[in-house]
Every structure is written in C-alpha cells, then in structure tokens.
Amino acid sequence: MSEAEISGDMTDGFHLVVEALKLNGIDTIYGVAGIPITDLLRLAQNEGIRYLGFRHEQSAGNAAAIAGYLTQKPGICMTVSAPGFLNGLVALANATTNCFPMIMISGSSDRAIVDLEQGDYEEMDQLAVARPHCKAAYRVNRPQDIGVGIARAIRAAASGRPGGVYLDLTAEVLGSVLDMETAKKSLVKVVDPAPASPPAPEAVARALDLLASAQRPLAILGKGAAYAQADREIRAFIENTGMPFLPMSMAKGLLPDDHPQSAAAARSFAIGQADVVILAGARLNWLLSHGRAPLWNANTKFVQIDISPTEFDSNRAIAAPVAGDIKSVFAAFNAALKPGQIKRQAAWMDEMGKRKQQNVERMAARLNADPSPMNFSSALRAVRNALATQPDVYIVNEGANTLDFGRNIIDMSLPRHRLDSGTWGVMGIGMGYAVGAAAVTGKPVVAIEGDSAFGFSGMEIETICRYGLPVTTVVFNNNGVYRGDAEGIAYTPTGLLRDARYEKIIEAFGERGYHCTDTPGLTRALTEALASGRPALINAVIDPTAGTESGHIQSLNPKSAVAPKR
Ligand code: ADP
Ligand code: TZD
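Summary of the structure given here. (Residues numbered from 1 in each chain as written. Chains lettered and ligands numbered in written order. Predicted model: local features only at pLDDT ≥ 70, side-chain atom pairs only at ≥ 80, totals over all residues. Heavy atoms only, no water.)

**Here we look at the packing of aromatic side chains**
Scanning the model with the defined rule gives twelve aromatic pairs in all. Between the aromatic rings of Y69 and F100, the centroid separation amounts to 4.9 Å while the plane-to-plane angle is 45°, which identifies the pairing as tilted. With a gap of 31 residues between them, Y69 in helix α3 (residues 57–71) and F100 in the loop between α4 (82–98) and β5 (102–108) connect regions that are remote in the sequence. Y69 sits in the buried class, given a relative accessible area of 0%. Relative accessible area serves as the criterion here: at 0%, F100 is assigned to the buried category. On the numbers, 6.2 Å between centres and 25° between planes, the contact of F376 with F476 is stacked. Here the residue F376 occupies a position in helix α16 (residues 376–387), and F476 occupies one in strand β17 (residues 471–477), the gap between them amounting to 100 residues. (Phe/Tyr/Trp six-rings, centres within 6.5 Å; stacked < 30°, edge-to-face > 60°. Helix = DSSP H or I, 4+ residues; strand = E, 2+ residues; numbered from the N terminus. Buried < 20%, exposed > 50% of the residue type's maximum accessible area, 1.4 Å probe, protein only.)

See the structure below:
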C-alpha cells in the first residue's frame, strides 16, 4: 500500500520498525538495500536515523558488531532476504563468538510460499538457518508484534554475555497496515537493557582470599573487560595490589602498554610462573592455549570473572569463580579489599622486570633494522612512529604476520582502541570495523591489513570514500597469503598477484593513494594521511619472503607427511 493510501489514523510495518528503533535510541543502521527493505531504509533515513550503505552485507554486519562493542548498544545491520541474509550471517556469527551485541534484521519472502518450497524470489527459511549461529533468533509475523520483537532483540543482544541476534521481518509484516492507536500501544521502550549483575559476596571473598595467598599473582584482561567500560575500577585494583597484568589483544590499552606493571614483554614467563591467575573477561580458549602445558603450569590456580557462569571450568578447574559483570565485580573487589590483604610481591616483579628488559633488548635489534625491501617489523615501526603523537587513533588489524607483529609492535594507550580478527582469527573484518569505528567515534581510524586480508572487504574503500570517513588503510603488500611466491614460478595456493598497485583502488574513488617502499616514506605518508582527515590508502611494499606461514600459529596448521607426487 502506498503512503498516500494510508489515512491519517493508520500506519504500517515500515513506520513501526523505524518508530520502535528510534524509541530505543537506535541512531545508526548499517546495511545493503534491496527487496523488501529499500523503503524501510529510506524511511529510517528520512526520520533522522543515520544510514550507512555498504557493498557487501558482511561488512555492514561487521560495522554493526564493532559499533556494538564500542558503545554497549546493539549495532543494527539490515539485509535483504536469502543471499543478502547469508552474506551477513558470517558477521552475525562472528559477533556472537566475540560477545559483541548486534542485531541483524533481514527482510524475508512470503512464508506461505517459503514453507511449501514453492520457489519464491529469494526463498529461504532464514530463521532456521540463523538460529545455530546466534545468541537468539526471532521472527515477527504480525505488525502489532514489531515493538515486542525489537525489544526482545535488544535485550537478548545486550544483556548477560552479549552476542548477535537475528530478527526476521517478513515482507508481509512490513507492508501490513494497522491503526495508529494499536500501533502506538504495541511499541516497547526497553528499560535497562543490560542490567548490572553484581557478584555474590562469598564469591568475592573467596577470590580475594585466594589472591592473598599468591606469591606470583597475574591478571589477564580480555576483551570482555574492555567491553565492560570498567576502566577506572580495573586500574584501581591492579595498581592497589601491584600485581602484573597481561592484556589480550583487544584489551590492549585498558591500562596503557607502557604501564610498569604490564607483563606483555614477558608473556610466557608470566603465564608459566604465575601461581594464581585472575582471568577477567577472557576465555581460556585457544588464544590462551586452553590453560595447558607447555605454556601453563599444572599447579596454577584460577580466579575467573565472567558474566556467563557456564564459562567456568570449560578448560581448567576454576578455584574461585566470580559470576557477575566486570564493572560490578571490580567495584566489589575494591570495596572488600582490606589494606595490605594482597601484598606487593617485590621479588616477582623484579624478576618480571629483568625478563622484560631482556626481551625488549632482543626485540629492539629486530625493530631497529632497516632492510630493503621493508619487512613486517620495520614497516610496523614506521607505522608506530607516525602514530606516536596520536593516541586517539583507532587501530583495526587483520592478516597473519601483519596481525601478530602488529599486536606486539603497535602500543596502545587508550581502552577499546584496538579492533582485530578476534576469537575466530577471521579475515574480512577490516573495512567493516573501520567504518563502524569511524562512524560511532568520529575519530581517525588506521586499518593495518595484510594484502590477503584486505581483499576480503576491499571494495568497502568506496563506502569509506562515499562518506568521506577519516580512515587510512595500510596494505602490507607481500604478494600473498602469509608471503609471496618466488619470482618466475606459477602462482601457488598462497600466491597473489605480484606487485599489485592497491593504492590505485582509492584513486578510482577520488581520494589519495600512496605507494611506499621505505620506512621514512611510510611514516611520511601515514602522517600526511592522518593530518588530512580524509580517506587514504597506503600500499606498503613488504619483502615477499618476509612472512611465515600462518604467522605465529603454525602449530595449528596440519601438514601432510606424504611427499607430493610429481
Ligand atoms: P579475549 O579474546 O580477549 O581473551 P574472550 O572473548 O575470550 O576475550 O572473553 C570475553 C569474555 O568476557 C566472555 O567469556 C564473556 O562472557 C565475558 N564478558 C563479556 N562482557 C562481560 C561483562 N560486562 N562482564 C563480565 N564478563 C563479560
Ligand atoms: N578465510 C577467512 C574468512 N578467515 C581466515 N582466517 C582464512 C580464510 C585463512 N587465513 C588466515 O588465517 S590469515 C589469512 C588467511 C587467508 C591471510 C594471511 O595473509 P595476509 O597477511 O596477506 O592477510 P600476512 O601478514 O601477509 O601474513
């Protein structure tokens, strides 16, 4: 029904969705237009919601997910049915895996036809497909349920352990008309979407007692701790107890990397020698070697703080589980901690300091070398030098070597400023995260991308240029997945085009590209790009022999023991 046909006291599904989102403070939608949601997006834009249109739903979904991580409000991604929905599904699943609040809303085809498999346009039982890949999945079948559907989606995404939620809106519901009175009453404003969950006092006491018995305590901070925006509470506890801390990748900057208590430069030593470890918003998954030898000591005892109690004992026995949200838990720790209860362990910190010093000196030699062509260390040093005076820049980072070296070389001094491949080690988050971060923070973003990684979302450079976002993409170009092929041979499964001129991609969209072959040139280009406040792309040419296969996780890469037949 066209707008003109609806009389003043009637409304429809399109309007109700927009009203329900606005009522709940949703101010941005990331998506790709098409049947049946084009009018919904147009209407949302007309009603003052910011709409960011992408070239692929996966990037729109990634932008929504990272917006959710940065703001604690679910990011909204909208897609068309079947293929658009499936394109977005990877991002929805990735958000769920990483515990980011996001809602993917997809239009869907006529249920009567879909359910009898009669061959509708973009036919798919989307609800059933989405369900195993997200925290919750709902379908709205009547226009008067739109308000409740959106309210449930917001609560499911943001409360408890955050995650991805799928909301299915049929084309029929969007076009359905209902009277204004019923419509108004059907809307729900969600009160307190992510209620605090303070810990039990006994759990707090048990944890502090265990820590008080430690001679070599260590705090491991994960992205759940960064997400919780409990920066002050966490810092107070770490500094008052004087214990060393180790940030997981996306928790870098929660306390600054140059903090004297950071154990990052002595990671294996700290993990291997610690007698009591606090895991705060970090799972004991593959990224922490499942808590197993050889990295871990079998006698180490754990305090684990998590909002999801089923996380405890998932890989190792947890002696002191503390169920609750990180902000409330650290507030409770700080309130319950008696002066001197957890003693500063001077011998432990001294030994840590020595190890750090040795490792930093060893790394300095590599970092200060200036080979030609550049390698990962020297190129990242050049990037670091350009970033040195700009702590408020958001860093996006993906690739294998580019990711592993990047995490170690680029220091962070502010919380939630490092956004990367995360729990899955997924490629393709780059441009979506960059757009999402720029959109919600208004701050400059530098995306440090392996050349293979960049390819997964590279067309979103057009999106970045269209909206004039302050995103500089640095492509670490070594002609391949992990590394390039030798000269003169046919392309192998890991090879990419030799000497590709990635900077020309952004020139096609009217913005500045740079081709850099040395470290002073790379620092200069990045400094200039950041100063411009405009989109830019830097093609940083890296030695094709520099990378190692699978970066730092070669041990996870199964290899055939049988010699190839030739
Ligand atoms: P990392 O990859 O940085 O080690 P993970 O993603 O493995 O971190 O772990 C994040 C953990 O944080 C998850 O187990 C999740 O349940 C938890 N979490 C998320 N938000 C909160 C919060 N507000 N309070 C407590 N725990 C949280
Ligand atoms: N596909 C997806 C979605 N995620 C993945 N992680 C991979 C494929 C496999 N993969 C990695 O784990 S890293 C990587 C791929 C394809 C790219 C590495 O090459 P790069 O980075 O050019 O991006 P480096 O720095 O040259 O190693």
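**Description of the sheet that holds β17**
With respect to topology, six strands assemble into an open sheet ordered β15-β14-β16-β17-β19-β18, the strand pairing being parallel. The sheet terminates laterally at β15 (418–420) and β18 (512–516), the two strands that pair on one side only. Ignoring strand direction, the axes of neighbouring strands in this sheet form an average angle of 15°. Summarising the sheet, β17 and strand β19 (residues 536–541) pair through six bridges and their orientation is parallel. Within the sheet, the bridge partner assigned to F476 lies in β19 and is A540. Against the sheet, α16 engages β14 (394–398), β16 (445–450) and β17, with an angle of about 165° to β17. Contacts from helix α17 (residues 401–409) reach β14, β15, β16 and β17, with the element oriented near 140° to β14. (Pairing = 2+ DSSP bridges. Axes fitted to C-alpha atoms, helices over the stretch in contact; angles between N-to-C directions. Contact = heavy atoms within 4.5 Å.)

**Some details on empty space enclosed by the protein**
Enumeration according to the criterion identifies one cavity of 30 Å³ or more in this entry. When its volume is computed, the largest cavity comes out at roughly 30 Å³. S108, S109, R111, V114, M124, D125 and R139 are the residues that line the largest cavity. For the lining of the largest cavity, a count of residues per class yields two nonpolar, two polar and three charged. (1 Å grid on protein atoms, 1.4 Å probe; cavity = no way out; pocket = protein on both sides within 12 Å on 5 of 7 lines; lining within 4 Å. Points joined across faces, edges and corners; volume = space filled by probe spheres on them. Nonpolar A, V, L, I, M, F, W, Y, C, P; charged D, E, K, R; others polar.)

**Some words on the sheet that holds β5**
Pairing is parallel in the open sheet, where six strands are placed in the order β3-β2-β4-β5-β7-β6. Edge positions in the open sheet fall to β3 (50–53) and β6 (136–140), since each of these has one partner strand only. Taken pair by pair, the neighbouring strands of this sheet meet at an average axis angle of 20°, ignoring direction. With five bridges joining them, β6 and strand β7 (residues 164–170) adopt parallel strand pairing. Residue A136 lies in a different strand from β7, and its bridge partner there is V165. Of the strands in this sheet, β4 (75–79), β5 and β7 are in contact with α4, which crosses β5 at around 160°. Contacting β5, β6 and β7, helix α7 (residues 146–158) crosses the sheet at an angle of about 170° to β6.

**A few points about the site of ligand 2**
In the neighbourhood of ligand 2, 17 residues make up the surrounding shell, with N401, T402, G425, D451 and A453 lying closest. Interatomic distance of 2.8 Å between a backbone N/O atom of A453 and an oxygen atom of ligand 2. Protein chains bury 76% of the 600 Å² of accessible surface belonging to ligand 2 in isolation. Those elements giving two or more residues to the shell around ligand 2 turn out to be α17 and α19 (451–455). Considering only residue class, the shell around ligand 2 consists of eight nonpolar, eight polar and one charged. (Near = heavy atom within 4 Å. Polar contact = N/O pair within 3.5 Å; in protein donor to acceptor, adjacent residues only side chain to side chain. Areas by Shrake-Rupley, 256 points an atom, 1.4 Å probe, with all protein chains shown as cover.)

**Digging into the environment of L403**
Counting through the fold element by element, L403 comes out in helix α17. The class for L403 is buried, based on a relative accessible area of 11%. As a C-alpha pair, L403 and D420 span 17 residues in sequence and 7.9 Å in three-dimensional space. Here L403 is in contact with N397, E398, R418, D420 and S421, once residues within four sequence places are set aside.

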